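Chains, contacts and geometry: an overview
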Amino acid sequence: MSLLGIQGERETGMDVREGNVMAVQSIANVVKSSLGPQGLDKMLVDETGEVVITNDGATILKLLSIEHPAAKILGDLAQIQDKEVGDGTTSVVILSAELLRRATQLIKNKVHPTTVISGYRTALKEAIKHIKEDLIIQIDTSDTELLRKVAETSLSSKLIGPESKFFSEIIVNAMLNVKTTVGNTTKYPVRNINIIKTHGKSVTESRLIDGYALETARGGMGMPLTVKNAKIALLDMNLAKFRLPAGVSVLVQNPEELENIRQRELDVTKERCKKIIDAGANVIVCSKGIDDLALKYFVEANCIAVRRCERSDMKRLAAATGAKIMITFDDENGEEIFNKECLGEAEEVSEEAINDYNYVFFKKCKKQAAQTILLRGANYLMLDETERSVHDALCAVKRVLESNKLVVGGGCVEVSTSLYLENFARSLGSREQMAINEFAESLNVIPKQLAINAAKDSTDLLTKLRYVHERYLKQKEHTEDTKKLKNTGLDLLTGKIRNNYKAGVFEPAISKVKSLKFATEAAITILRIDDLIRIEPEKKQQGK
């Protein structure tokens, strides 16, 4: 029991800080070797024996069973980066761990945590200012070549890196095809792109399909394979034989009345199907079951009916076709009706067989454009990783299209910002200068780790890269030749430095800005902790 009378353990001061750093560092060490185009994959096996092979930082940390409270913050950090940007999850974790490690060293050297936090916040503000003023490149979104390069850069560190040119074409076309304009705002919703995986053939036989696809088949073989000018009804209910609710009892005097009740149950289902068909629907998508009786009426009306559709797919279909999801036939007066306004529209709905699987395609939807990327692969482990890789690249292209801004990759931004902050720190006369210097040094961890993962001399490459960027920053007036110096980054295949703008290594500008913000905030959150109290569970008294 502590002095406060609390049943539990209490740690304070440097013990807590060192424990937090050790926990955070161990998490960063797990994902560190998966950074960059030469990064390695991780195999994760859960308690049921299910295997996941990936090098995506957010996926790795999501599947790890993290118990330390400070380390959990890094897991959440990767998920936030994945949600906000879609890429850069590994680098944000590595950067946050390095910032925390260096801050703890300063505190050991008698620098107050408040001074370190203040210095980090000043450094973050200056770093973002430098990136926005000097490193961001404004682009024209009609330049599809630049967009393909962004997708290639994102895919280069993935399992399908060797086929990045092939997939970048699919990804850019898919994103441009789902362009949505609301007022003066243009959006590129990734949710309008459905990724489906079919086992078999090679990854280069993946393709882009104009329309939304459901991994399902028609409810009956007598239904047409294709319906033109489709009117789509979305039902989140059962279309089965009507039954009286549980607990309802009917007192019957005459056996003939019992037969009438059974017949009426059949007629209720028939009337519901007739209402849907009379409203003009020729494609019915149901989230639950459709029994044979209802299917019979749809076959007779020459409609396509799809049963047991996932609700997430149904919501996407509603957004794409303009349909409203019906959860009941009852109106406010208690009468059963089906309103024509609830129907969605698509130019064509058809069923196609691909390999051993059937898919229903909704092509040229009325309200929003929808696309489907059909992935092929040798096994499901590869297909799952390909799906994650394609999703990351889609998010990267989306961010560039919506912001019209990108930066040069390959360690270029980190080294340039690091040198800028070192020069800025020398202009200060306060103790915060030390924290800003450590922040600047922390940024070098990204290019250093990229070189290490590529089996290159990290010290040699980083020294050469810093020399070139220092030359650029020292120039007061820039010529065309000196302007190119700021685009110098790492070439991890040859182990040299090069102009990465010419090489086509691009990343979304928002990815770098958000990475810095999230990593700094996470480091500051953990840095503020100087006391840890573990409450022991209350012991139950015997006999109670």
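Look a little higher up for the structure.
Residues numbered from 1 in each chain as written. Predicted model: local features only at pLDDT ≥ 70, side-chain atom pairs only at ≥ 80, totals over all residues. Heavy atoms only, no water.

**Brief notes about the side chain of S96**
Note the cut-off: The way it works is that DSSP assigns letters per residue, a run of H or I at least four long becomes a helix, a run of E at least two long becomes a strand, and they are numbered from the N terminus. When a residue's accessible area, from a 1.4 Å probe over protein chains only, is under 20% of the maximum for its type it is buried; when over 50% it is exposed; and in between it is partly exposed. Contact criterion: two residues are considered in contact whenever any of their non-hydrogen atoms come within 4.5 Å of each other.
Here S96 shows up in helix α4 (residues 89–108). According to the relative accessible area criterion, S96 is buried, its value standing at 1%. With residues up to four places along the chain from it excluded, the contact list for S96 reads L74, L77, A519, A522 and A523.

**Observations concerning the packing of helix α14 (residues 445–453) against helix α15 (residues 458–474)**
The cut-off we apply is this: All axes here are fitted lines through C-alpha atoms, helices being fitted over the stretch that makes contact, and every angle between N-to-C directions spans 0 to 180 degrees. Orientation labels follow simple angle bins: below 35 degrees gives roughly parallel, above 145 gives roughly antiparallel, 65 to 115 gives roughly perpendicular, and whatever is left gives oblique. Should the near helix be turned anticlockwise from the far one by less than a right angle, the crossing is termed left-handed; should it be turned clockwise, right-handed. When residues are grouped by polarity, Ala, Val, Leu, Ile, Met, Phe, Trp, Tyr, Cys and Pro land in nonpolar, Asp, Glu, Lys and Arg in charged, and all others, Gly among them, in polar.
The contact between α14 and α15 brings their axes to 9 Å, and the two run at 135 degrees. The orientation of α14 with respect to α15, classified from their angle, is oblique. Considering how the two elements wind past one another, α14 and α15 form a crossing that is right-handed. Of the residues in α15, those in contact with P447, K448, A451 and I452 of α14 are S458, L461 and L462. Of the residues in the contact of α14 with α15, the class split is five nonpolar, one polar and one charged.

**Focus: the side chain of S416**
Condition: Here a polar contact means two N or O atoms within 3.5 Å. Within protein one must be a hydrogen donor candidate and the other an acceptor candidate, and residues neighboring in sequence count only if both atoms are side-chain atoms.
Positionally, S416 belongs in helix α12 (residues 412–426). Looking at S416, its side chain comes within polar contact range of the side chain of H130, at 3.0 Å.

**Remarks on α15**
This is how it is decided: To estimate how far a helix should extend, the number of its residues minus one is multiplied by 1.5 Å.
With 17 residues, α15 extends 24 Å between its outermost C-alpha atoms, agreeing within 8% with the 24 Å of an ideal straight helix rising 1.5 Å per residue. Of all the positions in α15, only S458, L461, L462, L465, V468, H469, E470 and Y472 are classed as buried. For α15, the side-chain oxygen to backbone nitrogen distance between the N-cap and T459 is 3.2 Å, and the N-cap itself is D457.

**Examining unusual backbone geometry**
Of note, the phi angle at R308 is positive, near 55 degrees, even though the residue is not glycine. Along the chain, the position of R308 falls in the loop between β12 (304–306) and α10 (311–321). The exposure class assigned to R308 is exposed, which follows from its relative accessible area of 59%. A positive phi angle is found at K364, which is not glycine, with a value near 50 degrees. Note on placement: K364 falls in strand β15 (residues 357–365).

**Focus on the nonpolar core**
Put simply, the rule reads: We call a set of buried residues a nonpolar core when its members are Ala, Val, Leu, Ile, Met, Phe, Trp, Tyr or Cys and they connect through side-chain atoms within 4.5 Å of each other.
In this structure, V93, V116, Y120, I131, L421, F439 and L516 are the most contacted members of the largest nonpolar core, which totals 70 residues. The residues contacting V93, other than those within four sequence positions of it, are I27, A28, V31, L61, L74, L77 and A78. Grouped together as the second largest cluster of nonpolar side chains are 35 residues, I160, V190, L406 and F506 included.

**Overview of the sheet that holds strand β17 (residues 405–408)**
Stated formally: Pairing between strands is defined by DSSP: at least two bridges between the two strands are required.
The three strands lie next to each other as β4-β17-β20, forming an open sheet whose pairing is antiparallel. Single-partner strands in this sheet number two, and they are β4 (137–138) and β20 (506–508). In terms of strand pairing, β17 meets β20 through three bridges, oriented antiparallel. Residue pairing for β20: V408 is matched across the bridge by F506. Packing of helix α6 (residues 144–155) onto the sheet brings it into contact with β17 and β20, and relative to β20 it is tilted by some 90 degrees.

**Examining the pattern of salt bridges**
If the charged atoms of two oppositely charged side chains come close together, the side chains can form a pair. So the rule is basically this: What makes a salt bridge here is a side-chain nitrogen of Lys or Arg within 4 Å of a carboxyl oxygen of Asp or Glu, nothing more.
Considering all chains together, one arrives at 29 salt bridges under this definition. Where E300 meets K296, a salt bridge forms, and the shortest distance between an N and an O atom there is 3.4 Å. Within this pair, E300 and its partner K296 are both found in helix α9 (residues 292–300), separated by four residues, close to a single helical turn. Judged by relative accessible area, E300 falls into the exposed class, the value being 55%. Through salt bridges with shared partners, a single network forms among E98, R101, R102 and E438.

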